[in-house]
Amino acid sequence: MHVLVLGAGYSGMAIARALAGKAASVTGTTRSAEKAAKLEKAGIRPIVFDGDTVSDELAAALRQTTHLIQSIAPGRDGDPMFRAGSQDLATLAPALQWVGYLSTVGVYGDHGGAWVTEDMLSKPVSARSVERVEAEDAWLAFGARNDIPVAVLRLSGIYGPGRNAFCNLANGTARRLIKPGQVFNRIRVEDIGAATSYLSQRLQGGIFNITDNEPAPPQDIVAEAARLMGVEPPPEMPFETAELSPMARSFYGENKRVSNARVRETGFEFAYPDYRVSLAQMWQTDSWRGQ
């Protein structure tokens, strides 16, 4: 197995780490030399990629890649690998056996707090989610044309070491915004890596929601983290009067409970099935601070 992670950021790094012990090689792309050094330190071969030009080094990596993970967000011009003028991916990667495309549960739009599954039609609200649907379709079509299994991994709100409620409480940015009935879905970053590794080794294609078992009000996570830290949680604040950026406010415009039944039916088990288990593990191991 020769793995290439396009966009080895927070989630991409977790995936690379999960596959490192199982693959003959793991390569990750990044946009800067500084971040390339971080990848190299983690045992991942780095390649600088601006998202547009496929260098000779990246082309050589693509030629040997058997398992490709695409973590680079699309833009108005579509996915970086399928933009007008891009080289044919099937030609660039002749050894390809499996693709994992990292998408978002944002493609479902708003469902008023109801449960959603992968079989429900996408009805994205934001422009970024519309672009995700188009990219998903492009990758699934690529897989169908070339008889390559493509797993679309729809991720919920990502958190983990270095990005969590403990960090927000410690730096004073945590807030408990109250919007009655509002829930969010979340996923521990290590479980993204584990799920991707699991599906890739089985050459499993399809659409999968990668999210924990328990959608929950965002203020509950802050309160639980504060309890574990032994500090007072920030005061509750009505959502309607809170000062929020347009993007932050837009997240509260989508309310849904996302089911992870399909990926669990494959036999995959989440190490962090809910926020309480996850927060307790991070606090007990002092891993919440990150590296």
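Treat the numbers as computed from the prediction; the structure is a model and nothing was measured.

Draft legend 1. Representation of the overall build of the protein chain within the structure. The secondary structure content of the protein chain amounts to 11 helices and 13 strands. Taken along its principal axes, the extent of the C-alpha atoms in the protein chain is 55 × 40 × 35 Å. Residue pairs at least 24 apart in sequence account for 77% of intrachain contacts in the protein chain once pairs closer than 6 positions are excluded. Of the roughly 13,400 Å² that the protein chain leaves accessible, carbon and sulfur atoms contribute 51%. With 30 positive and 32 negative side-chain charges, the protein chain shows a separation of 2 Å between the mean positions of the two kinds.

Draft legend 2. Seen up close, helix 8 (residues 218–229). Taking 1.5 Å of rise per residue, the 12 residues of helix 8 would be expected to cover 16 Å, and the 17 Å separating its terminal C-alpha atoms lies within 8% of that figure. What helix 8 keeps buried is the set Pro218, Gln219, Ile221, Val222, Glu224, Ala225 and Ala226. Next to the buried residues of helix 8 lie helix 6 (165–171), strand 9 (176–178), strand 10 (186–188) and helix 11 (275–285). Gly230 lies just past helix 8 and shows a positive phi near 75°.

Draft legend 3. Molecular detail of the sheet that holds strand 11 (residues 206–210). In space, the 7 strands of this open sheet follow the order 3-2-1-4-5-7-11, with parallel pairing throughout. Edge positions in the sheet fall to strand 3 (45–48) and strand 11, since each has one partner strand and no second. Mean inter-strand twist for the sheet, computed between neighbouring axes without regard to direction, equals 20°. Judged from the 5 bridges that link them, strand 7 (residues 150–155) and strand 11 form a sheet pairing that is parallel. Bridge pairing in strand 11 places Leu155 opposite Ile210. Where helix 3 (residues 56–64) meets the sheet, it contacts strand 1 (2–6), strand 2 (25–30) and strand 3, and its direction lies at approximately 130° from that of strand 3. Lying on the sheet, helix 5 (residues 127–146) is in contact with strand 4 (67–70), strand 5 (98–104), strand 7 and strand 11; it crosses strand 5 at an angle near 165°.

Draft legend 4. Spotlight on the nonpolar core. Judged by nonpolar contacts, the single largest core of 27 residues is most densely connected at Val3, Ile69, Leu153, Phe208 and Ile210. Going through the elements one at a time, strand 1, helix 1 (10–20), strand 5, strand 7, helix 7 (189–201) and strand 11 are the ones with two or more residues in this core. Beyond its immediate sequence surroundings of up to four residues, Phe208 is in contact with Glu118, Ala151, Val152, Leu153, Arg154, Leu199, Arg262, Val263 and Thr266. With 23 residues, the next largest nonpolar core counts Ala61, Met81, Trp139 and Ile148 among its residues.

Draft legend 5. View of unusual backbone geometry. One non-glycine residue, Asp147, adopts positive backbone phi at about 55°. Look at Asp286: it is not a glycine, yet its phi comes out positive at around 60°. Relative to the elements of secondary structure, Asp286 occurs in the segment after helix 11.

Draft legend 6. Representation of the pairing of strand 1 in the model. Strand 1 sits mainly inside the fold: 4 of its 5 residues count as buried. Looking at chain direction, strand 1 and strand 2 are connected through 4 bridges and run parallel. Of the residues in strand 2, the one forming a bridge with His2 is Ser25. For the handedness criterion, the β-α-β arrangement of strand 1, helix 1 and strand 2 is classed as right-handed. In this sheet, strand 4 lies alongside strand 1 in parallel orientation, the contact comprising 4 bridges. For Val5, the partnering residue across the bridge sits in strand 4 and is Ile69.

Draft legend 7. Here's a closer look at helix 7. Between its first and last C-alpha, helix 7 extends 19 Å over 13 residues, near the 18 Å set by a 1.5 Å rise per residue. Among the 13 residues that make up helix 7, 10 are buried, leaving the element largely enclosed by the rest of the structure. Listed as buried for helix 7 are Val189, Asp191, Ile192, Gly193, Ala195, Thr196, Ser197, Tyr198, Leu199 and Ser200. At the exit of helix 7 stands Leu203, carrying a positive phi of roughly 50°.

Draft legend 8. Just the pattern of salt bridges, in detail. Applying the stated criterion across every chain, the model contains 11 salt bridges. We note a salt bridge from Asp52 to Arg83, for which the minimum N-O separation is 3.1 Å. With Asp52 in the loop between strand 3 and helix 3 and Arg83 in the loop between strand 4 and helix 4 (89–92), this pair connects stretches of sequence that are 31 residues apart. The salt bridge involving Glu190 is made with Arg188; its shortest N-O contact spans 2.6 Å. Note on Glu190: relative accessible area 30%, which makes it partly exposed.

The rules behind the values
Residues numbered from 1 in each chain as written. Predicted model: local features only at pLDDT ≥ 70, side-chain atom pairs only at ≥ 80, totals over all residues. Heavy atoms only, no water. Helix = DSSP H or I, 4+ residues; strand = E, 2+ residues; numbered from the N terminus. Contact = heavy atoms within 4.5 Å. Areas by Shrake-Rupley, 256 points an atom, 1.4 Å probe, with all protein chains shown as cover. Lys, Arg positive; Asp, Glu negative; His and termini not counted. Charge placed at Lys NZ, Arg CZ, Asp CG, Glu CD. Expected span 1.5 Å × (residues − 1). Buried < 20%, exposed > 50% of the residue type's maximum accessible area, 1.4 Å probe, protein only. Pairing = 2+ DSSP bridges. Axes fitted to C-alpha atoms, helices over the stretch in contact; angles between N-to-C directions. Core = buried A, V, L, I, M, F, W, Y, C linked by side-chain atoms within 4.5 Å. Right-handed = clockwise from strand over helix to strand, strands pointing away. Salt bridge = Lys/Arg side-chain N within 4 Å of Asp/Glu carboxyl O.

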